[in-house]
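Overview (structure and organization)
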Amino acid sequence: MELQSLIYLFVGVSFAVYIGIALWAKAGSTKEFYVAGGGVHPVANGMATAADWMSAASFISLAGIISFKGSDGGAYLMGWTGGYVLLAMLLAPYLRKFGKFTVPDFVGDRYYSDVARTVAVVAVIFVSFTYVAGQMRGVGIVFSRFLQVDVNTGVLIGMGIVFFYSVLGGMKGITYTQVAQYVVMIFAYMIPAIFLSLQVTDTFLPQMGIFAQTTFAFNDGVRIIPEGTYLLHALDMAVSDLGFNDYTQPGSTWNTFMLTTALMLGTAGLPHVIVRFFTVPTVKDARVSAGWALVFIAIMYTTISSVAAFSRINLIKNLQNVEYKAFVAGELSHADGTPNNGNWFKTWEKGGLIAWTDRNGDGKIQYGTAKAFDGAKGKPKFDGTKTAEDGHRLALNGKPAAGESELAKGNGIANELYVDRDIMVLANPEIANLPNWVIAFIAAGGLAAALSTAAGLLLVIASSISHDLMGQVIYKDKETGKTTLNEKSELMYARLAAVAAICVAGYLGINPPGFVAQVVALAFGIAAAAFFPTIILGVFDKRMNKEGAIAGIIVGLTVTVGYAIYFIWGGGVPADYFMGIAPASFGTIGTILHLIVAFVVSRMTPEPPQHIQDLVENIRIPSGVGEAHDH
Amino acid sequence: MSPEKAQAYWKENISMIIKLLVIWFVVSYGCGILFINELNNVEISGVKLGFWFAQQGAIYVFVALIFVYVKVMTGIDEKYGVHE
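Residues numbered from 1 in each chain as written. Chains lettered and ligands numbered in written order. Predicted model: local features only at pLDDT ≥ 70, side-chain atom pairs only at ≥ 80, totals over all residues.

Turning to the overall build of chain B, a few remarks are in order. Scanning chain B for helices and strands turns up three helices and two strands. N-terminal to C-terminal, the α/β element order of chain B is α-α-β-β-α. In terms of overall size, chain B is more extended than a compact globule, its C-alpha atoms giving a radius of gyration of 17 Å where 84 residues would be expected to give roughly 12 Å. C-alpha atoms of chain B, sized along the principal axes, occupy 55 × 20 × 15 Å. Looking at chain B as a whole, 38% of its 84 residues qualify as buried. (Helix = DSSP H or I, 4+ residues; strand = E, 2+ residues; numbered from the N terminus. Rg over C-alpha atoms; globule rule 2.2 N^0.38 Å. Buried ≥ 20, exposed ≤ 12 C-beta atoms within 10 Å, placed from the backbone.)

Moving on: the overall build of chain A. Across its full length, chain A carries 24 helices and six strands. In terms of overall dimensions, chain A is globule-like: its C-alpha atoms have a radius of gyration of 26 Å, near the 25 Å expected for 631 residues. With the principal axes as the frame, chain A shows a C-alpha extent of 80 × 55 × 45 Å. Across the 631 residues of chain A, 59% fall into the buried class. Contacts spanning at least 24 positions in sequence make up 79% of the contacts within chain A whose residues lie at least 6 apart. (Contact = placed C-beta atoms within 7 Å.)

What follows concerns the packing of helix 5 (residues 74-98) of chain A against helix 13 (residues 283-319) of chain A. Residues and elements named next belong to chain A. Relative to each other, helix 5 and helix 13 sit at 170°, their axes nearing to 8 Å. Between helix 5 and helix 13, the crossing angle belongs to the class labelled roughly antiparallel. Contacts between helix 5 and helix 13 involve Leu77, Thr81, Tyr84, Leu87, Ala88, Ala92, Pro93, Arg96 and Lys97 from the first element and Val283, Ala286, Arg287, Ala290, Gly291, Ala293, Leu294, Ile297, Ala298, Tyr301, Ile304 and Ser305 from the second. (Axes fitted to C-alpha atoms, helices over the stretch in contact; angles between N-to-C directions. Parallel < 35°, antiparallel > 145°, perpendicular 65-115°, else oblique.)

All right, on to the interface of chain B and chain A then. In this complex, chain B contributes 38 residues to the contact, which on the side of chain A involves 42 residues. For the side of chain B that touches chain A, the element with the most residues is helix 3 (residues 49-79) of chain B, which contributes 16 residues.

This part takes up the packing of helix 6 (residues 103-110) of chain A against helix 7 (residues 114-146) of chain A. For any two helices packed against each other, one specifies the crossing angle of their axes together with the interaxial distance. Residues and elements named next belong to chain A. Relative orientation of the contacting elements helix 6 and helix 7 amounts to 160°, with a least axis distance of 7 Å. Taken together, the axes of helix 6 and helix 7 are roughly antiparallel relative to one another. As for how helix 6 packs across helix 7, the hand of that crossing is right-handed. Between helix 6, through Val103, Pro104, Val107 and Gly108, and helix 7, the contact on the second element is made entirely by Asp114, Ala116, Arg117, Ala120, Val121 and Val124. Classifying every residue of the contact of helix 6 with helix 7 by side-chain character gives seven nonpolar, one polar and two charged. (Left-handed = near helix turned anticlockwise from the far one by under 90°. Nonpolar A, V, L, I, M, F, W, Y, C, P; charged D, E, K, R; others polar.)

Residue and element names in this part refer to chain A. Positive phi values are uncommon outside glycine, yet Ala36 reaches one of about 55°. Within the fold, Ala36 resides in the loop between helix 2 (30-35) and helix 3 (42-53). Overall, Ala36 belongs to the buried group, with 27 C-beta atoms counted inside 10 Å. Phi is positive for Asn411, close to 50°, though the residue is something other than glycine.

Before going further, it helps to spend a moment on the environment of Glu430(A). All names here are of chain A. Tracing the chain through its elements places Glu430 in helix 18 (residues 428-431). Given 21 C-beta atoms within a 10 Å radius, Glu430 is considered buried. Sequence separation of Glu430 and Asn343 is 87 residues, and the distance between their C-alpha atoms is 8.3 Å. Those residues within four positions of Glu430 in sequence are excluded, and the remaining contacts are Trp344 and Ile439.

Turning to the confidence of the model for chain B, a few remarks are in order. Per-residue confidence for chain B gives a mean pLDDT of 95, with 100% of residues at or over 70. Scoring the predicted complex yields pTM 0.93 and, for the interface, ipTM 0.97. (pLDDT = per-residue confidence, 0-100.)

All names here are of chain A. The first and last C-alpha atoms of helix 19 (residues 436-474) sit 54 Å apart over 39 residues, in line with the 57 Å expected at 1.5 Å per residue. The largest bend in helix 19 amounts to roughly 30° and is located at Ser464. For helix 19, the tally of buried residues reaches 34 of 39 residues, placing the bulk of the element in the interior. (Expected span 1.5 Å × (residues − 1). Bend = angle between axes of the 7 residues up to and from the residue.)

All names here are of chain A. Buried residues are scarce in strand 4 (residues 382-387), accounting for zero of its six residues. Where strand 4 lies against strand 5 (residues 393-395), two bridges are found, and the strand directions are antiparallel. Following the sheet pairing, Thr387 is matched in strand 5 by Arg393. (Pairing = 2+ DSSP bridges.)

Once that is clear, we can look at the nonpolar core. If you look at the biggest cluster of nonpolar residues, it comprises 244 residues, and the most contacted ones within it are Met185(A), Ala443(A), Ala454(A), Leu458(A) and Ile66(B). Among the elements that take part in this core, helix 19 of chain A stands out by supplying 22 residues, more than any other. (Core = buried A, V, L, I, M, F, W, Y, C linked by C-beta atoms within 7 Å.)

This part takes up helix 5 of chain A. Note on helix geometry: an α-helix contains 3.6 residues per turn, so any two residues three or four positions apart are oriented the same way. Residue and element names in this part refer to chain A. Taking 1.5 Å per residue, 25 residues should reach 36 Å; helix 5 reaches 35 Å between its end C-alpha atoms and fits that length. Its maximal kink placed at Leu87, helix 5 deviates by approximately 55°. Once helix 5 ends, the next one or two residues include Gly99, with phi positive near 75°.

This part covers the environment of Val72(B). The residue Val72(B) is located in helix 3 in this model. Taking the C-alpha atoms as reference points, Val72(B) and Pro3(B), separated by 69 residues in sequence, lie 22 Å from one another.

Here it is in structure tokens:
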């Protein structure tokens, strides 16, 4: 079957499954809407958490980031998985025992304060919206690249699908669609990875592929690296020939340390991940469920480093010193006779994800270290759809021929390429000449990754508005402290809030703020600096009171957000970074300050009332857990 | 449950968490970041050990840690009669 029809088929079938599940799992009560009735099996919840957690960025970009960063990319792999250990031991079981619906619920009740609750709601909404903007954009991008529709149309289709199952089914609908999405996503990731591993190293398991030897000799442009070289040796040789640092050589210990910490703490503090643990029946289930979530995440995350290494080698092997015209015309083949068809280069060149400028005028592509194009991040500026004489897209900012020093650094090779990191996953199957159905699967997988995360985030936004803000703050009876909102109207508000959230997310997807990547990093920083310490202290420090908690949240938020604003929008330059810490890693400092301030302030102010201390005693012990209950 | 018993239960929980988090720290921050260069001197089939910990090994240990925690805590819960 032709590629395009296969893509329609795979994406169409997966969407039909999601909609079918939504119809089956319609939510009838607020409890079903917020926490899927509290009866989700821990393994199913683990799978749903994995899908919830692994976003379009994990699926599409992470292997590419690591492919170009090499050893230091480990910060992302360790950071985004190590957070689950913290979740399993320090947060999930106690929050499950606490047994309400949302993170602001915990903050508001534990710190007996509507101010704390409202601050938490605002932080939840901010974190979730920034995150969801990136996801909707991801949906649009996958649609436009694979389904040949406009990005905006893609966003609208995505909104429609998410609308259907999150508004109708609430948490219940989302949970079971996420299980299906996880399955689609993991197959879509693993199948090409296994193909690549077999091709590059003749090893079935990609995780073991990095221990194997290459199945081919290739010319990195400087020398021929023989067949049978250990994979990472081959990669180190090739990149160092071209003037890069060795792939396996770590960079700054301090930066990696700070980034890993920020990602770990942020992971453990993200509201859309935390609420998933409210959906299982018991405290023990919450612990086990975190373990299963990490198993399902680890299947993909332990594959990523191999995919990164394979694709970097493939990039060099397939592109170094090939003649552009013959390459894209499909006339070239490798030394062993397998075709080296540059069709994919043409496709992704159209989308601006890869570009070539013939700096030395030899008609051949060279890949090396320096930027081939002037301007921000070395991105090409294309002259509309005009092409240059060899038929490649004409960029206006290609650099002139390299000087002596650049050539000397790359042993005679000066870079002429721009490669977007996203290409490493999206174009991998085409680069490796894999069958069409594998490519179709990747399209469905990318969409599953983006949709599952978007839905989880939208639900968190909706429940923060309807449950926490409407139910617990606005419609609160001053005398009894109970909500005056009845079940039916709260459910209606929840659905309305979900609709509103989807519209805002769609708008952000169609008109993305130009700084999505930085904002997403900021979302992690806020999750780390605002939620992680508040919850930990609420459980592990019985003496923590509302004064300490509020002071801590305010300091943590101000420091983290302020630092980011100054360095992203306020004209701060990297040379001024505090102790060399990038804004993306600054959540670590925010968290530490939060802990210190909260501790000091709480010891200078009265201890929390007795019923709160009893509440803390109670959540520390698993027995007597109710189902996640209403107020 | 008496306050003393509750306190003893909590103490055992905390000491378990501390032990496991020490391992968590050693495999990720220790092997994958702080001592990565030293471990990189050891190489198995072309893969440097520190590099492996940072990109794969730490993750396997994380998974194991959570399941060990679940198992041990289930035992402690039963010992104190606070299981569900």
